Amino acid sequence: MLIDTYDRVATDLRVSLTDRCNLRCTYCMPEEGLQWLAKPDLLSDDEIVRLVRIAVTQLGIEEVRFTGGEPLLRPGLVSIVEQCAALTPRPKMSLTTNGIGLKRTAAALKAAGLDRVNVSLDTLRPDVFKTLTRRDRHHDVLAGLEAAHDVGLTPVKVNTVLMPGLNGDEAPDLLAWAVEHGYELRFIEQMPLDAQHGWKRDGMITAGDILSSLRTRFALTAEGDGERGSAPAERWLVDGGPHRVGVIASVTRPFCRACDRTRLTADGQVRTCLFAREETDLRGALRSGAPDEEIARIWRLAMWGKKAGSGLDDPSFLQPDRPMSAIGG
């Protein structure tokens, strides 16, 4: 079991498979990209599967989310999913992706055992997409979403970040589109995870702003706390249901008290929080020949030191010194 001093138990593992990405989203990284991790520093496919196995069989992990960077850039992704699906007990498995390569891989991922996907899409306007991501790939994301839905990687969740002056007016249109296509839309407050440190609290579009905008067109009924559990998204029924919309308000409504996550970076470090500065090295233990029991012990110690909160509710919060692409969202 992975438990901390605040009696929170981690059952959800986020695994970053690569720090690389084929987009250059303005809220994540600079246009020229970043200095990527050297290949020897990355965990191998076998090392990833071994750590997931330890987490599932010895540490009580029930859900595994594969992230990046962009996880579809990982050559061994399908094999990793297939091997993790064969574990006993079998974890629930999902993938967070920008969707560009999803049309090509959705069927193989489903056959390998992936349960569902989260796809990042911030706009319905191709020109705005190109401005936000610095790439002209909007049509590929839409095709990837359709493919994921068609092969049964459901519920297909769409993650959206609203930016002032770019897509800040699109919330109602995005929700109408998601309802029409059977996707579950989740708005995420912009977080201080950009490598160029351009994030500013002043002027950000908050959860309150998003909900006010949605209510100009839809009736929203809040789900009860019992429905939310440890999920980061607060959810509302849209026009009485069955469709739902969620808002992840990491900045203005932190949900740290119910956090059930542990994170593994692409280079084999444990992070107890997306915004943590401290990391615990598992790669070194793996490569020095440590047995599973020793790796589990190190992981437990890392989680025992988890802090009470992310610090995002502190106006003086400073951005982490490692970009999101290396940590995994």
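Looking at an unreviewed UniProt entry, the chain carries the name GTP 3',8-cyclase, with the source organism given as Streptomyces sp. 900116325. Turning to the chain, the UniProt record has this under Subunit (unreviewed entry): "Monomer and homodimer." If you open the UniProt record of the chain and go to Function (unreviewed entry), you find "Catalyzes the cyclization of GTP to (8S)-3',8-cyclo-7,8-dihydroguanosine 5'-triphosphate."

### Side note on the pattern of salt bridges
Counted under the stated rule, the structure contains 18 salt bridges. The partner of Asp292 in a salt bridge is Arg53, and the shortest N-O contact between them spans 2.8 Å. Pair noted here: Asp292 is in helix H10 (residues 292–304) and Arg53 is in helix H1 (residues 45–58), with a separation of 239 residues, a long-range link. The exposure class assigned to Asp292 is buried, which follows from its relative accessible area of 14%. Residue Glu184 is joined to Arg235 by a salt bridge in which the shortest nitrogen-to-oxygen separation is 3.2 Å. Placement of Glu184 in strand S8 (residues 184–188) and of Arg235 in strand S10 (residues 234–238) is noted, with a sequence separation of 51 residues between them. Judged by its relative accessible area of 12%, Glu184 is buried. In this structure, a network of salt bridges that share partners links the residues Glu184, Glu223, Arg235 and Arg244.

### Section: the confidence of the model for the chain
Averaged over every residue, the pLDDT of the chain is 89; the share at 70 or more is 87%. Predicted confidence for residues 194–199 stays below pLDDT 50, and this span has 20 contacts to residues more than four positions away or in other chains. For the stretch residues 315–320, pLDDT sits under 50, and the model shows 17 contacts to residues farther than four places along the chain or on other chains.

### Quick notes on the UniProt feature "binding site: [4Fe-4S] cluster 1" (unreviewed entry) in the chain
What UniProt calls "binding site: [4Fe-4S] cluster 1" (unreviewed entry) maps, in this numbering, to Cys21, Cys25 and Cys28. Among the secondary structure elements, Cys21 is positioned in the loop between strand S3 (12–16) and H1. Excluding its chain neighbours within four sequence positions, the residues that come into contact with Cys21 are Met29, Trp36, Glu70, Leu73 and Asn98. Position of Cys25 relative to the elements: it lies in the loop between S3 and H1. In this structure Cys25 comes out as buried when scored by relative accessible area, which is 14%.

### Description of the pairing of S10
As paired elements, strand S9 (residues 220–222) and S10 share three bridges and run antiparallel to each other. Considered in S10, the bridge of Leu220 is made with Val238. Pairing of S10 with strand S11 (residues 244–248) involves four bridges; the strand directions are antiparallel. By the bridge assignment for S11, Leu237 is matched with Arg244.

### A look at the sheet that holds strand S13 (residues 269–271)
Pairing within the open sheet is mixed, and its twelve strands lie in the order S9-S10-S11-S8-S7-S6-S5-S4-S3-S12-S13-S14. The sheet is open, and its two edges are formed by S9 and strand S14 (280–281), each paired on a single side. Pairing of strand S4 (residues 63–67) with strand S5 (residues 92–97), which is carried by four bridges, proceeds in the parallel orientation. Among the inter-strand pairings, Arg65 is bridged to a residue of S5, identified as Ser94. Of the strands in this sheet, S3, S4 and strand S12 (261–264) are in contact with H1, which crosses S3 at around 170 degrees.

Conventions used here
- Residues numbered from 1 in each chain as written.
- Predicted model: local features only at pLDDT ≥ 70, side-chain atom pairs only at ≥ 80, totals over all residues.
- Heavy atoms only, no water.
- UniProt positions renumbered as here; feature names shortened; annotations may be inferred.
- Salt bridge = Lys/Arg side-chain N within 4 Å of Asp/Glu carboxyl O.
- Helix = DSSP H or I, 4+ residues; strand = E, 2+ residues; numbered from the N terminus.
- Buried < 20%, exposed > 50% of the residue type's maximum accessible area, 1.4 Å probe, protein only.
- pLDDT = per-residue confidence, 0-100.
- Contact = heavy atoms within 4.5 Å.
- Pairing = 2+ DSSP bridges.
- Axes fitted to C-alpha atoms, helices over the stretch in contact; angles between N-to-C directions.

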